[in-house]
Structures are given as structure tokens and as C-alpha cells.
Amino acid sequence: MTSAAAQPAMPVVIPVRLFGMDSDGKPFIQLATARNLTREHAVLERVEHRLAPGAVIGLQYQETKTRIRVLWACELEGTFETQLGIQLIDSRECPWAAFVKDSAETSAGLPNRRRFPRHRLSIGLELSDPVSGQRLRARSTDVSVGGCYIETILPLAVGTRLEIEMWIDPSKVSAMAIVRTCDPGVGMGIEFIGVSREKERQLEDLLATCSRRLATIS
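Residues numbered from 1 in each chain as written. Predicted model: local features only at pLDDT ≥ 70, side-chain atom pairs only at ≥ 80, totals over all residues. Heavy atoms only, no water.

Caption draft 1: Expanded view of the overall build of the protein chain. When you go through the protein chain residue by residue, the secondary structure sums to 1 helix and 12 strands. Ordered by position in the sequence, the α and β elements of the protein chain form the string β-β-β-β-β-β-β-β-β-β-β-β-α. A buried classification covers 44% of the 218 residues belonging to the protein chain. Within the protein chain, contacts between residues separated by at least 24 positions form 55% of all contacts whose residues are at least 6 apart in sequence. (Helix = DSSP H or I, 4+ residues; strand = E, 2+ residues; numbered from the N terminus. Buried < 20%, exposed > 50% of the residue type's maximum accessible area, 1.4 Å probe, protein only. Contact = heavy atoms within 4.5 Å.)

Dropping the structure here:
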């Protein structure tokens, strides 16, 4: 018997785009389908690339992109396709939320572990490695006072320290940062470090203003 708090999988099949690095270290982009949708999990079918459990790749449904982790993989006999069981790394980025009913377990019951609110903003950044002298220009997929996520096929290694400059119209904000997560073929998570309380407040004001402006336009 299913408890009242449990969330049933919805009988919906949707088209999704997958991208990242396969088990052979080769970048890929492909279309697939997702079913058995819940707030945190799904089953992917028609996957043409080999992916091992634990792999992190990108997924896009309509305009929403997110990161997923492979929980299990099953190669279908007689075909070149694989079926995957996946988990969303952050269930608050659920691309198919419209198909999933909220419950106390999956909405209000989930604590917000983030110290700062996150804004879905594409912001121009310039990253500099003071050791190697390497410079990289990129754009964020989301950003907060505590850090940002950058979509790139060649992320830097975890622990790399960087100098970062962000252009948040009409201001430029500089900070030190460190790479905290590295998802080959998908992107990297960066934490800002050594930011003063005053600069934190300034940055949050800029991000909030930018988010409100975009919400008004849309």
C-alpha cells in the first residue's frame, strides 16, 4: 500500500536533451525520452551512449537545464540503446515540475540548505588562474552571493583558485573564487571566497535588481 506522503510516478513520457561526457571520455549531445517522472527521479530511454552509475551529465527539457546523476544503467539486449535511472542533483531545478504533484515530502518538507538565494541569471564572467595565467571567459547558468555554476565542456579541476570578474549591468564585481565541483562535459560549480559583508550585500542587491528586471520583461 502506498502511503499518503509517497509521490507516485506520473504516466508521462517527455522528450529531453542529454549532454556531457560518456564513459569513454567523449563529449556527446543527444535526444532521449524520460518517463516515471517524480520530483527527484526519472527513467531515461533511447540513450545511445554508455554511462556508468555515478556519472553526472546535463539534461534539458524545453528551456530548463539541470544536472543529473546516473543511479543505474541497463543495456537493452539486441539494441545499441541504454536505459538509465537518474536523480536530479537539485530537485528545485526539476524541469518537469508541471507534471509532478507537490507533496509535503517534495516541496515545503525540503529544507533550503543554501545560505544565499540563487538567481537564474546568465552573467558574463572572466576567470583568471593566478598560477598558470590561464584566462577563461564564460557565462553563468545561475549565481548567488555564495558562488555560481558555469556551463562548459572543459571545466577546471576541483580546488583551482581563481580571480573572477562579473559584469552585472551596469556594474563590475571582482572576487576570489575556488572550483568546488567539476562535471566533465557539463560545467563547474564555483564558490566565492573572502567576500566582505559589505560586498555580499552589494552583490545581492545587484542580483535581485537584475532578476526583477528580467521578470518584468518576461
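Caption draft 2: Structural context of the sheet that holds strand S1 (residues 14–21). Spatial ordering of the closed barrel is given by S1-S2-S3-S6-S5-S4, a layout of 6 strands whose pairing is antiparallel. This sheet shows a mean twist of 45° between the axes of neighbouring strands, independent of strand direction. By the bridge criterion, 8 bridges tie S1 to strand S2 (residues 27–35) in an arrangement that is antiparallel. Bridge pairing in S2 links Pro-15 to Thr-33. (Pairing = 2+ DSSP bridges. Axes fitted to C-alpha atoms, helices over the stretch in contact; angles between N-to-C directions.)

Caption draft 3: Representation of the nonpolar core in the model. Judged by nonpolar contacts, the single largest core of 27 residues is most densely connected at Met-166, Ile-168, Ile-190 and Phe-192. Within the residue set of this core, elements represented by two or more residues are strand S7 (124–128), strand S8 (135–144), strand S9 (147–151), strand S10 (161–168), strand S11 (171–183), strand S12 (187–193) and helix H1 (197–217). Setting aside its immediate chain neighbours within four residues, Ile-168 contacts Ile-123, Val-173, Leu-203, Leu-206, Leu-207 and Cys-210. Counting 23 residues, the second largest nonpolar core, distinct from the first, contains Leu-37, Leu-44, Leu-51 and Leu-84. (Core = buried A, V, L, I, M, F, W, Y, C linked by side-chain atoms within 4.5 Å.)

Caption draft 4: Region of interest: unusual backbone geometry. With a phi angle near 50°, Asn-36 is a residue other than glycine that sits in the positive phi range. Note on placement: Asn-36 falls in the loop between S2 and strand S3 (41–47). Using a relative accessible area of 35% as the deciding quantity, one classes Asn-36 as partly exposed.

Caption draft 5: Representation of the pairing of S1. Burial runs high along S1: 6 of the 8 residues are buried. Relative to strand S4 (residues 56–61), S1 runs antiparallel, the two sharing 3 bridges. Residue pairing across strands places Leu-18 opposite Leu-59, the latter belonging to S4.

Caption draft 6: Focus on the packing of aromatic side chains. Scanning the model with the defined rule gives 1 aromatic pair in all. Between the aromatic rings of Tyr-61 and Phe-99, the centroid separation amounts to 6.3 Å while the plane-to-plane angle is 55°, which identifies the pairing as tilted. Residue Tyr-61 is found in strand S4, and its partner Phe-99 is found in the loop between strand S6 (82–88) and S7; the two are separated by 38 residues along the sequence. Judged by its relative accessible area of 9%, Tyr-61 is buried. The positively charged end of Lys-65 is found above the aromatic ring belonging to Phe-19, 5.8 Å away from the centroid. (Phe/Tyr/Trp six-rings, centres within 6.5 Å; stacked < 30°, edge-to-face > 60°. Lys NZ or Arg CZ within 6 Å of the ring centre and 35° of its normal.)

Caption draft 7: Broad picture of the side chain of His-119. Of note, His-119 is situated in the loop between S6 and S7. The exposure class of His-119 is buried, given its relative accessible area of 10%. Polar contacts involving the side chain of His-119 include one to the side chain of Glu-204, which spans 3.3 Å. In terms of polar contacts, His-119 uses its side chain to reach the side chain of Ser-211, at 2.9 Å. The contacts of His-119, once residues within four sequence positions are left out, are Asp-142, Val-143, Glu-204, Leu-207, Ala-208 and Ser-211. (Polar contact = N/O pair within 3.5 Å; in protein donor to acceptor, adjacent residues only side chain to side chain.)

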